[in-house]
Each structure stands twice: as C-alpha cells, then as structure tokens.
Amino acid sequence: MMTALLILHGLLAVALLGAVTHQALAASAPRNEPRTRSFFTRFRKTDAGAYGTPVAILFVLVMIAGAILYPRYRLVVRPLLQTLDLRAANGAFELKEHFSALGLLLLPAYWSCWKQPLEPAYDGARLWLTWIIALTVWWNFVVGQLLVSIKGLGV
Amino acid sequence: MLFSLAACAIYTLAYYFDWSLFRYYLGTGTFGLSAPASAGAPILWYGWLATAVLGGAVVAGITPRSWTTRLSPELAWLIPAVAMLAAFMYELRWFL
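Right, let's walk through the structure included here. Everything numeric here is computed off the predicted structure, so don't read it as measured data.

## Let's talk about the overall build of chain B
Logical step 1: Counting secondary structure elements, chain B contains four helices and three strands.
Logical step 2: Each helix (α) and strand (β) of chain B, taken in turn from the N terminus, gives the series α-β-β-β-α-α-α.
Logical step 3: Computed over C-alpha atoms, the radius of gyration of chain B comes to 16 Å, more than 25% over the 12 Å expected from 2.2 N^0.38 for 96 residues, which places it beyond the range of a compact globule.
Logical step 4: Once the C-alpha set of chain B is aligned to its principal axes, its extents read approximately 50 × 35 × 15 Å.
Logical step 5: Scored against the burial criterion, the 96 residues of chain B give a buried share of 39%.
Logical step 6: A separation threshold of at least 6 residues defines the contact pool for chain B, and within that pool the share at least 24 residues apart is 62%.

As structure tokens, then:
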C-alpha cells in the first residue's frame, strides 16, 4: 500500500514538475520573442496562465500523498540515514519538509496572482512566485528521488 | 495574499520556536498535545503547518481591507523568499 502511494507520489510530482517548469519558463519569455523552430523557444511559447490552477491542484495532491508517507519515512528511512551517518541526505529532507510547507502556504498568493484577468501590478510577483514554486518542486523532487535511491522502494 | 505572507512568516517562527499546535506520535500513531514516553518520537511538522495555517487565517481575518490594499505587490514574493532562505540557513548545520 505504502509502496503504491510512494509511486503515485512520484508520478504526481513528475506531472507537477513538468507543469510548473513549463509555466516558469513561459512566464520568463519576452513578450515579443521571435518565433523560431528551436525546441526551447517553442517550449516557452505555451500559455503560462493556463497552468495556475493545475499547478495548485497538483501541489496539494503531492503534499497530501507526502504527508501520509511522512511517518513511514521517519520510522524506516530516517533511522537508516542516521545509522549510515548520511547527514547531508538527512538535512536535504529537512529542507524538503520546510520547502513543501512554505510552498503550500504560498499557493493562495500564487493562485491569486495567476487569476484571470492578469493584474499588471502583479507581473513581478507572479514571475517570482512561480520561480519560487518551481525551485521548491525541483528541490523536493530531486531529494525525494535521492532518498528512494538510498533506501529503495520497500518502505 | 495576506494569508500566504503571514502564514509563511508564522511557519518560520513555528519551527524556530517550536510552536507546534499538536504532535503526531510515531509509536501510537495518534495526534495529541502530549503523550507518555511509550508513545514514541513525536512529529512536529504537521503541528507547525497547522499553527501557520491558523495564524495566517487569523491575521488575514482581522486585518482591515484598507491596510491590505496598501501592501506592495513585491512583498508577495519577498517574504516567501526570505522564509526559504531562513529555512536554508536553519538547516545548514546538516551540511557542515
């Protein structure tokens, strides 16, 4: 059951990572960027505004799955990290914990910034909040994968 | 907007000063304010998050609307960015 939830947590995180990365790069693109055939330009040409609600929903779903898995992490994975004296891995997870919480608490501000019609006064806040959420998601994803690599799927 | 800013600041204070609204005990698998030693190690994170949500809701609820409209939009990302940096500084001890 917990292994299935861990896999679901990972899959939802992949979807979130893709959506928020797309949005952050699209929001950073200059408005009059010329159309070229490069992959990167086309990647950024997406409608950033369309990602606000899906990113918020995916973030909440990933958080719920993570919050359910957390006691198992404390019982099974953390003692292993302590036994192996993997302090950096332990610290990386502590940061993942804080970043997840701060990201969740940020969601109402993030979501209201992306609410249509977009307020020009919030252009800067919208861009920076999106990047903060994106960096949070990237950190949490990489640390999560790292810990699964250390412990394995048998949680 | 104000909820997020207040909640981020309160979350930072909550883990720093250990303002946990409740705890989750690993040994018994129950939530509570306190428990015997046999209940095992507590998880504070859920309680910190609850403290932040409650605090943020109270701040957003009691602050007059005329005040919130005067807040600079830049605060919307500056306060969370400072909160992230504070978390990084707080956990730096693991990496040294």
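## Here's the deal with the pattern of salt bridges
Logical step 1: Counted under the stated rule, the structure contains four salt bridges over all chains.
Logical step 2: For arginine 23 of chain B, the salt bridge is made with aspartate 18 of chain B, and the minimal N-O distance between the two is 3.6 Å.

## Section: the environment of phenylalanine 93 of chain A
All names here are of chain A.
Logical step 1: The residue phenylalanine 93 is located in helix α4 (residues 87-113) in this model.
Logical step 2: Classification of phenylalanine 93 by relative accessible area gives buried; the value is 10%.
Logical step 3: Placed 51 residues apart in sequence, phenylalanine 93 and arginine 42 show a C-alpha to C-alpha distance of 34 Å.
Logical step 4: When sequence neighbours within four positions are dropped, the list of residues in contact with phenylalanine 93 reads Tyr70, Tyr73, Val143 and Leu147.

Scoring rules and cut-offs
- Residues numbered from 1 in each chain as written.
- Chains lettered and ligands numbered in written order.
- Predicted model: local features only at pLDDT ≥ 70, side-chain atom pairs only at ≥ 80, totals over all residues.
- Heavy atoms only, no water.
- Helix = DSSP H or I, 4+ residues; strand = E, 2+ residues; numbered from the N terminus.
- Rg over C-alpha atoms; globule rule 2.2 N^0.38 Å.
- Buried < 20%, exposed > 50% of the residue type's maximum accessible area, 1.4 Å probe, protein only.
- Contact = heavy atoms within 4.5 Å.
- Salt bridge = Lys/Arg side-chain N within 4 Å of Asp/Glu carboxyl O.

None of the figures reported here should be taken as evidence of function without further support.
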